[in-house]
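# Geometric and topological summary
Next come the chains, spelled out residue by residue.
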Amino acid sequence: MAMGMANNLRFVSRLKALRCFEPLTILKRNAGTQTTNPEITHFGFKNVTVKEKPKKVNEVFDRVAGNYDLMNDVMSAGIHRLWKDRLITVLNPCDKTKLLDCAGGTGDISFRFIKRVKLQHDCPEPNVTVCDINPNMLEVGRRRAETQNLHLKWVCCSADDLCFPDASFNAYTIAFGIRNCTHIDKVLKEAHRVLEPGGRFLCLEFSEVENPYLRNLYNTYSFQVIPVMGEVISGDWKSYQYLAESIRKFPSRSQFSQMMRDAGFQSVSCESLLFGVCSIHSGFKL
């Protein structure tokens, strides 16, 4: 009982603290945290060393793995499912598609890919490999695949140092994962390396809401609602606060498009979804 009261007091104190920090104030306060030191990067709004970040990100996903899909549904009111459906529609896979689903964790994109290829092309065993740096997320995906009798390859490795030979795939997807990577430029170069000539790169990621009024509402929701949901549903405030912060540290649509070009991708394009809440970035290895 004493432990329960302590948890309640902690929850209430966090709610009180939120009233002291409006989202705009939080964003302005952390706008100047950029650094030119190559050994320093960001973890949300905090500066950490490049060696520390992978460990910290892993700890976040260790904590959220069990409730990851539930929280996605709650936080987005299920809209994330439509975004992922749209990603597969843009990919338009066929029975010859060899997909690497990077940061694919719980399998949401891969399962959609398999069902789409089976349905439209009568392919009994679509070719898909799920890659994620976090073993707990992969284990959640494996269990989900077993319950649906789906067959995939599961590989634990980092997106910025893939364990696959050159030109191993002709399609690469990464959904809501690249912003958690320490070296986004290296992730893009690795994606380019493992794609065959003619292969396609697709990234579904949060971005900046374009309308200033909607942006203020979105910021309020991100910083004053999402962490509360994390605490109520999974007893984890900090992880979901990090996830909200990490969105604000991700490059803009135009910056990310340029990073894709710098990595070697061509015919780069970007499709904005839901007023810019997220975007689908597309590029080809030609």
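Residues numbered from 1 in each chain as written. Predicted model: local features only at pLDDT ≥ 70, side-chain atom pairs only at ≥ 80, totals over all residues. Heavy atoms only, no water.

## Some details on the packing of aromatic side chains
Filter applied, for reference: Aromatic pairing here means that ring centres of Phe, Tyr or Trp (its six-membered ring) are within 6.5 Å. Orientation follows from the plane angle: under 30 degrees is stacked, over 60 is edge-to-face, and everything else is tilted. Secondary structure elements follow DSSP: runs of H or I of four or more residues count as helices, runs of E of two or more count as strands, with numbering from the N terminus. Exposure is judged per residue with a 1.4 Å probe applied to protein chains only, and the accessible area is read against the type maximum: over 50% gives exposed, under 20% gives buried, and values in between give partly exposed.
Throughout the structure, instances matching the rule amount to 10 aromatic pairs. With 4.6 Å between their ring centres and 35 degrees between their planes, Phe 176 and Phe 206 make a pair best called tilted. One end of the pair, Phe 176, is in the loop between β6 (169-175) and α8 (184-194); the other, Phe 206, is in strand β7 (residues 195-206), and 30 residues separate them in sequence. For Phe 176, a relative accessible area of 9% corresponds to the buried category. Phe 206 gets classed as buried once you look at its relative accessible area, which sits at 18%.

## Section: the pattern of salt bridges
Close approach of charged atoms allows side chains of opposite charge to pair. Condition: Any Lys or Arg side-chain nitrogen located within 4 Å of an Asp or Glu carboxyl oxygen qualifies as a salt bridge.
Taken as a whole and judged by the stated rule, the model has 15 salt bridges. A salt bridge links Arg 179 to Glu 205, with the nearest nitrogen and oxygen atoms 2.8 Å apart. In this pair, Arg 179 is assigned in the loop between β6 and α8 and Glu 205 in strand β7, connecting sequence segments 26 residues apart. A relative accessible area of 5% means that Arg 179 is categorised as buried.

## Let's talk about the nonpolar core
This is how it is decided: The definition of a nonpolar core used throughout is a set of buried Ala, Val, Leu, Ile, Met, Phe, Trp, Tyr and Cys residues joined through side-chain atoms within 4.5 Å. A contact between two residues is defined here by any heavy atoms of the two lying within 4.5 Å.
If you look at the biggest cluster of nonpolar residues, it comprises 32 residues, and the most contacted ones within it are Trp 83, Phe 113, Leu 152, Leu 204 and Phe 206. Contributing elements (two or more residues each) for this core: α5 (79-91), α6 (108-121), β4 (127-132), α7 (135-148), β6, β7 and β9 (278-284). Once residues within four sequence positions are removed from consideration, Phe 206 is found in contact with Trp 83, Phe 176, Arg 179, Tyr 218, Ile 247, Phe 250, Val 277 and Cys 278. Formed by 27 residues, the second largest nonpolar core is a distinct cluster that contains Leu 162, Phe 169, Phe 250 and Val 268.

## A short note on helix α10 (residues 226-234)
All of the buried residues along α10 are Ile 226, Pro 227, Val 228, Met 229, Gly 230 and Glu 231. A positive backbone phi angle near 65 degrees is found at Gly 235, which sits one or two residues after α10.

## Some details on the pairing of β9
Test applied: Two strands are said to pair when DSSP picks up at least two bridges between them.
For β9, a buried count of six out of seven residues is recorded, marking the element as mostly surrounded by other parts of the structure. The pairing of β7 with β9 spans seven bridges and is antiparallel. Paired with Phe 206 across the bridge in β9 is Cys 278. Both strand β8 (residues 266-273) and β9 contribute to a ladder of six bridges, which runs antiparallel. If you follow Ser 269 over to β9, its bridge partner there is Ser 282. Between β8 and β9, which pair antiparallel in sequence order, lie four residues; one of them, Leu 274, sits at a positive phi of approximately 50 degrees.

## Comments concerning the side chain of Ser 257
The condition that has to hold: Nitrogen and oxygen atoms within 3.5 Å of one another constitute a polar contact, given that in protein one can donate a hydrogen and the other can accept it, and given that sequence-neighbouring residues count only through two side-chain atoms.
With respect to the secondary-structure elements, Ser 257 resides in helix α12 (residues 253-262). Separated by 3.0 Å, the side chain of Ser 257 and the backbone oxygen of Arg 253 make a polar contact. Other than its neighbours up to four places away in sequence, Ser 257 contacts Val 268, Cys 270 and His 281.

## Regarding the confidence of the model for the chain
Here is the rule: pLDDT is a per-residue confidence score from the predictor, ranging from 0 to 100.
With 87% of its residues at a pLDDT of at least 70, the chain reaches an overall mean of 88. This stretch, residues 15-21, has a pLDDT under 50; its non-local contacts, to residues over four places away or in other chains, come to nine contacts. A low-confidence stretch, residues 24-29 (pLDDT under 50), is modelled with eight contacts involving residues beyond four sequence positions or located in other chains.

## Examining the pairing of strand β1 (residues 40-43)
Inspection of the sheet shows β1 paired to strand β2 (residues 46-49) by four bridges, in the antiparallel sense. Within β2, the residue paired with His 42 across the bridge is Asn 47. Here β1 folds back onto β2, and the loop between the two strands holds two residues, one of which, Gly 44, carries a positive phi near 65 degrees.

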